[in-house]
Each structure stands twice: as structure tokens, then as C-alpha cells.
Amino acid sequence: MIRNIRARTAAMLLAAALPASAGVAWAASEAVHIDRQKWSFGGLFGKFDDAQLQRGFKVYTEVCARCHGIKRLQFRNLVQPGGPGFPEAAVKSLAANNYQVDDAPDDEGKIKKRPAILADSFPPPYPNEQAARFAQNGALPPDLSLITKARSADTGAPFYRVPDMMLRDILTGYQEGGADYVYAYLRGFADPPADVKLAEFMNYNKVFPGHQTAMANPFLAGDGLVKYDDGTPETVDNYARDVVAFLSWAADPSLEERKRMGLLVLLYIAITAILLGLAKRRIWRTVH
Amino acid sequence: MASHESTYRPTSAFAKWLDARLPILRMMHAQFVDFPTPRNINYLWTTGGLLTFFLVTQIATGIVLAMHYAPTAADAFNSVEHIRRDVNYGWLLRNMHAVGASMFFLAVYIHIGRGLYYGSYKAPREVLWIIGVVIFLLMMATAFMGYSLPWGQMSFWAVTVITNLFSSLDSIIPGLGTRIVQWLWGGYSVSGTTLTRFFSLHYLLPFVIVGLVGLHIWALHVAGQNNPTGLEIKTASDSVPMSPHAVAKDIFALSVFVLLFAWFVFYLPDYLGHADNYIEANPLSTPPHIVPEWYFLPYYAILRAIPNKLLGVIAMFSSILLLLFIPWLDTSRVRSTKYRPVYKWFFWMFVISVIALGYLGSKPPEGSYVLWARLFTAYYFLHFLVVMPIVGVTENPTPLPRSITESVLGKSGHAVGVGAPAAPERR
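For every chain, the first residue of the written sequence is number 1, and numbering continues from 1 along that sequence. In the order they appear in the text, chains get letters beginning with A and ligands get numbers beginning with 1. Local features in this predicted model are restricted to residues whose pLDDT is 70 or higher, and side-chain atom pairs enter the listing and the counts only when it is 80 or higher, whereas totals over whole chains, interfaces and linings include all residues.

## Some remarks on the overall build of chain B
What counts, and what does not: Each helix is a run of DSSP H or I of at least 4 residues and each strand a run of E of at least 2, with the numbering of both proceeding from the N terminus. Computation of the radius of gyration draws on C-alpha atoms, with the globule rule given as 2.2 Å multiplied by the number of residues to the power 0.38. With C-beta atoms placed from the backbone, a residue is labelled by how many other C-beta atoms lie within 10 Å of its own: buried for 20 or more, exposed for 12 or fewer, partly exposed between the two. Here, residue contact means that the backbone-derived C-beta atoms of the two residues sit within 7 Å.
A count of helical and extended segments in chain B gives 16 helices and two strands. Computed over its C-alpha atoms, the radius of gyration of chain B comes to 24 Å, within 12% of the 22 Å expected for a compact globule of 427 residues. Structurally, chain B occupies a C-alpha span of about 70 × 60 × 40 Å along its principal axes. Per-residue burial for chain B yields a buried fraction of 42% across its 427 residues. Partitioning the contacts of chain B with sequence separation of at least 6, the portion at a separation of at least 24 is 77%.

Here it is, written out as C-alpha cells:
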């Protein structure tokens, strides 16, 4: 018993020290190359694929949600335009039947649970950080509401490539570094190379800074782990892709509206600029 | 203000009535309608208008954001997400404000670079220049405090690193630096108290900037605008009235710049920021790299290039304060670098140094990055302290045109321009 507690304490300390040590490893070594994926929501005309978001939501709830919360998402978001486009009735019954949230204190001041409604946020898997760390060998599974925004893919380009790569990313509107990273992370679990000694409770990952991560491969069971009902092949690669698309939407639910409005605004300003340019030329004609 | 005859003729009964009591419309007309602008100014002279636009945009979006934002450690990050997700067009306002800060700095760097290239700081524009440097310093302070408000990891750690710089004063008077830092923090570490006071100041300083911009424009309209030749307006044909000429040019340039602004707001809202700022501030976890926003990177590189902490801090602050003295450090007889064949090379060397320092500021301070940062830092200071005074005396400027008109129309050119309706008097 005592031994067990000691081991757990050691693991907690290790987890607390990990971000710092991983950072050192990252700074000292070359950044791991992250391949860019094709996302339906990338680029200037990007839109989420509703079917993909629905599949991604299924992967999230069946696999990720056991350890990771998504607290900034509310059930009503699932029926909003620009999202997965679930029917309202389906989400209402999903919330009511599958999720319990804290109710307001009753007359005796006791807090009871009640079924969730559309206006509720997704309840977290653990009541607090301590409970999460206790259950996870000292590691804290991060909330996934913003995960694709909170990660990035370093190009690791030498300085003379920086200007043209920047220009390319700006012109193509590349904002999917976080999605690319999370996808690469989900696909990056592997057996450690012979010269790597993993710490206790740690798993090897090809793209994680320092290569040792407390999270285990979520798709270890392999293809067929999550059942798809739209005929999409039930492969680990599809699970990773679909859940990353879902998380990208969760982190940026206004993406579609933003890109659609952007096109109109840019068109409007461009036409205005041309007219103003012509007016300027006419006014200055007599001067030069 | 600049003396030229007013062409203002109030027409309506109300305008006549007001003109006899408070001639504010007459003043506006004199300053912004028939104010004589040099006829040869290029598009770099549209950045002043751009900056005014961004100042107003930042204030307008900022006021609305402040209605939904909560400046406390527990709620700041959540309230920004609330703005992004739940407030009507909150995502748009927040993107405009965050990207607007970057665009503001992009425009101000072009504006300052133009002033340096064309010698706009030289007599009689020293005070105009100095007010500009003060505005720039306030802009930096405002941006720095604004960056702390989302209370993400980078916000928190940038505040920690930068406020901690004052603790280097401990090496002069033991305890002084620590006391100053605790006074800034309002405690023994960066906390919600620090956040709340930064929010208060972040809301205050833009209005101080508005006042200083008023003085900046006043000083500009006394000395008159500089231009690519660096010559003064001498005759009516050297100038055009501000409206419609300069105004048309300004608005056109503004519309093109807003195109760039909109591109980032709608397609790349997070491109100029850092992913770590989407992680809520955590005092127990330090991010692998702590880097400031792109517009502070050159100064950050200077800070880290110096091995001694106190000297690094002094170097960083003096790299900007030095700008206050360049009206007197530059000994050249001519204003515009266009006519300075030797200094021209040094000017571009300076620009390259600043860009290189920006790149190095984004890299970890290790290996060859440190050496290069030291070299470019050395040039940054040498440029102002050695090159400017010496080259100004030793170089032979190429011949200047006799007037602005001649520079536009060539020697044979005679005054066919429209001219300002009222010729500015020679000063």
C-alpha cells in the first residue's frame, strides 16, 4: 500500500516536471517534421464536412471522452449552423439520456444531478484536477475544447526559407498547423526505438516533444474499434482524421461563417479600392 | 498652425453664426481641406492616415470587447472564449482587435522607417519626431498590457518575464528592483491583481495616445510635411491642397491596407499569435519557449544578446530611447537619404539588422543565434551613435533639385500644377 502511494507520488512529480523537461528536449533538438494533411475546412473556401464531424463526435464520445473533457462545447452547438448538423430532437435526447449535470441547490442546499439540456456544457469526466491525476497515474488529460488551436506545427525551416514559406502560408490561408499536429500525434504512437528507455507509465510517440507521453495509444484496439453507420471504412486513420476535424470545429465553431463573410468583405473592399484608385488618378491627373 | 490664407466661406446661416463664436469649422477647413501638402509625396506618406484609422479601430473594437470581458484571473480566459463563441460577432471583434494590433505596428514601423529614410526628424521637425517616439513607447506599453488580457500561457509568462526585468535593478541597489517588481505586480507574483491593473491601464493609455496624436498633428501642421526631396514648400506650385489630393491618395492607400487587414481577420486570425495562448495561464507550468508578439521580437533579441541582465535591460530600453536623440545625432546637411550615396547603404544595413534581430528574437538563445544577435545588436547601436554623426559630416551629398516642382517636372518644367489655393508663406 505504502509502496503504491510512493510510486504514485513519484509519477505525479514526474508529470509535473515533464512540460519543462520536454521543452528543453524540444529546444535543443530539431523540431519534428509534421506532414500537412488535406482538410475540408482548410483554405479560403474551407467548410466542415457534416458527416465527418458527426463521425468525429462519435469517436470523441466513445474513445476520447473517457479521459478528456470538452467543457467549452454546449449541446446546443451540435445543432447550430456551421457544425455537425445533428437534428435538434436527437441532441435533446442524447443530452437528457446520456449526460447528468449538477442541478441548482434544492431547498435543503443539496446539489442533485439532473439530465442535461441543450444549454448545458458537456460535463467533465473528472470532478477536478486532483481526481483526474489520481485516476491517470499523475497525468492530467487536457480539456480538448481548444486543442487544435493550442498546438502548432513548427516547420523547422532554415532562415532563408522563412520568407517564402511565410508568404505561401499567408496567401493560402494556412491555419491548420494545430490540426496537423494533433493528427500526427494520434498516428504517432509506436514501439520505442531500442535506445529509448521509457519512464514508468509513459508511452512512445514519434511527434510528441521529447517522445514520451503519458497518454496511451487510444486506438490500440485497431480498425473496427468505433462503428460507423455511414459506410465510411472503420480504420484507425479515419478515426484520427474524423476526430481531429470534430475538434477543429469545437475549437473554432464560427469558421464557416468567418470564411464566408471574409469572401464578401474582401470582394467589397477590393471593388472599393479599385474605384478609389481610379478617383485618385483622376484627381492627380493635372499634377504630374 | 501653418499660415496660409483661409478659403473657408461659411454658407449656411448656422455656419456663419458658429464661425463668429467658435471658428472650429474654419480651423478644420484650414488644417484638413486646403492645407498645402507637397505635390511629390509618395505612398509612404499615407501611413499617418492609416495609423489614425487603426487607433480608432482599436478603440472602437476594444470598447465593445471590454463590455464582455472579465479582468480577473478566474474569468479572463473564459470570457475571451465566451466572446469568441457566444457573443454576436464576438469572434469578428476579437479578431479585429488582435489582428488590428499587429497591423497598427506594421504601419507604425513603415511610418518610422519613412521618417528615418527621408530625415523627417531634422529641424524644424524635432518636436514632431519626439512626440512620435513618445506615442510609439505608449503604443508598446498598451500592446504589452493588452497581450496579457487573454490570460493564456504566453500572456502570463510574457508578463512574468518582462516585469521581472526590473528586478535587475537589485544589482545597483539591493532590494530596489524586487520592491519595484512587487509594486508592479501588486503581490509576490503575477496574479489576478496584476491582470486587473493592466486592464485598467490598457483602457486608459489609448486615450493618452489620442491626445498625443493631436499634438503630433499640430506639430506636423506647423512645420509642414516633409517629402522625398526633403525640400521645403517654397512656391504655390510646390504644393497641392490636402483635399482632395492627399485625401484621395490616403483613402486609396487605406483601402488597400484594409484589404490586408481583412485577409488576416477572416483567413488567418491566429497566424500572428502563438498557439500557447490558447492554453489557460498556469503559474506552475512554463512554456518551452517564451516569446513576445512579433512586433517586439527585435528588442527581445537585443535584451537576450547581452550576457548581463541589467545591461541587457538597459540596452533594450535605450534601443528605443535613442530615437529621441537622432535629430542631433544626424549631422548631415541634407534631409533625404535619396541624396546621400554613402548613408543609403548604412540605412539598408540598419533595416536588415532590425529584421534579422526580429528573426533571432523568435529563436532560442543558443548556439550561433546568440553570436548573430550580438553582431546585429552592435550594428543597431553603431548606426545611431557612430554612423549617423560621422557619415553626415564626411559624405558628399548628390546635387539637390532646386525645388519640389523641379523634382517632379524636371528642369524644363514650369508650374502647371494646380497649386494650393492659398500659397503657403515662406518661413
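## Quick word on the overall build of chain A
Assigned secondary structure in chain A consists of eight helices and four strands. Its helices and strands in sequence order give chain A the pattern α-α-α-β-β-α-α-α-β-β-α-α, from N to C terminus. For chain A, buried positions account for 30% of its 288 residues. Long-range pairs, those at least 24 residues apart, make up 66% of the contacts in chain A between residues at least 6 apart in sequence.

## Thoughts on the environment of Met165(A)
All names here are of chain A. Mapping Met-165 onto the fold places it in helix α5 (residues 162–172). Met-165 sits in the exposed class, given 12 other C-beta atoms within 10 Å. Sequence separation of Met-165 and Ser-40 is 125 residues, and the distance between their C-alpha atoms is 22 Å. In this structure, Met-165 is in contact with Thr-155 and Ala-157, ignoring residues within four places of it in sequence.

## Comments concerning the nonpolar core
Our working rule: Joining buried Ala, Val, Leu, Ile, Met, Phe, Trp, Tyr and Cys residues through C-beta atoms within 7 Å gives a set, and that set is a nonpolar core.
Grouped together as the largest cluster of nonpolar side chains are 55 residues, with contacts concentrated most on Leu50(B) and Phe261(B). Put simply, the parts of the chain that give this core at least two residues each are α8 (255–284) of chain A together with α3 (47–68), α4 (76–85), α5 (90–117), α6 (126–148), α7 (153–164), α9 (192–223) and α10 (242–267) of chain B. Formed by 42 residues, the second largest nonpolar core is a distinct cluster that contains Leu53(A), Tyr60(A), Val182(A) and Tyr185(A).

## Describing the packing of helix α2 (residues 50–62) of chain A against helix α7 (residues 236–251) of chain A
Residues and elements named next belong to chain A. This is how the line gets drawn: Here, axes are lines fitted to C-alpha atoms. For helices the fit covers the stretch in contact, and angles between N-to-C directions go from 0 to 180 degrees. Small angles under 35 degrees read as roughly parallel and large ones over 145 as roughly antiparallel, with 65 to 115 read as roughly perpendicular and the rest as oblique. Any residue outside Ala, Val, Leu, Ile, Met, Phe, Trp, Tyr, Cys, Pro, Asp, Glu, Lys and Arg is labelled polar, Gly included; the first ten of those are nonpolar and the last four are charged.
Here α2 crosses α7 at 100°, and the two axes come no closer than 7 Å. Of the possible angle classes, the one that applies to α2 and α7 is roughly perpendicular. Note on element contacts: α7 touches α2 through Tyr-239, Asp-242, Val-243, Ala-245, Phe-246 and Trp-249, opposite Gln-52, Leu-53, Arg-55, Gly-56, Phe-57, Val-59 and Tyr-60. Split by residue class, the contact of α2 with α7 holds nine nonpolar, two polar and two charged.

## Here's the deal with the confidence of the model for chain B
If pLDDT is low for a region, its predicted coordinates should not be looked at in detail. Residues and elements named next belong to chain B. To keep things clear, this is the line we draw: Confidence of the prediction at every residue is given by pLDDT, a number between 0 and 100.
Overall, the prediction assigns chain B a mean pLDDT of 94, with 95% of residues at 70 or greater. Taken together, the stretch residues 415–427 has pLDDT below 50 and engages in 40 contacts with residues farther than four places along the chain or on a different chain. Per the prediction output, this complex has pTM 0.92; the corresponding ipTM is 0.91.

## A closer look at the environment of Ile162(B)
All names here are of chain B. Following the sequence through the fold, Ile-162 ends up in helix α7. C-beta crowding within 10 Å serves as the criterion here: with 20 such atoms nearby, Ile-162 is assigned to the buried category. Each C-alpha atom of the pair Ile-162 and Phe-144 lies 9.3 Å from the other, and the pair is 18 residues apart in sequence.

## What about the interface of chain B and chain A?
Each side of the interface is counted separately: chain B has 35 residues, and chain A has 40 residues. Elements with a minimum of two residues in the side of chain B that touches chain A: α4 and α10 of chain B. In terms of residue count, the dominant contributor to the side of chain B that touches chain A is α10(B) (14 residues). In terms of residue class, the side of chain B that touches chain A is built from 23 nonpolar, six polar and six charged.

## Describing the packing of α5(B) against α6(B)
Residue and element names in this part refer to chain B. Definition in use: Two helices cross in a left-handed way if the nearer one is turned anticlockwise from the farther one by less than a right angle. They cross in a right-handed way if the turn is clockwise.
It is at 12 Å that the axes of α5 and α6 come closest, and there the two elements cross at 160°. It follows from the interaxial angle that α5 and α6 lie roughly antiparallel. Pair α5 / α6 crosses with left-handed handedness. Contact residues: α5 offers Ala-101, Val-108, Ile-112 and Gly-115, while α6 offers Trp-129, Phe-136, Met-139, Ala-143 and Gly-146. Class assignment of the residues belonging to the contact of α5 with α6 gives a composition of seven nonpolar, two polar and no charged.

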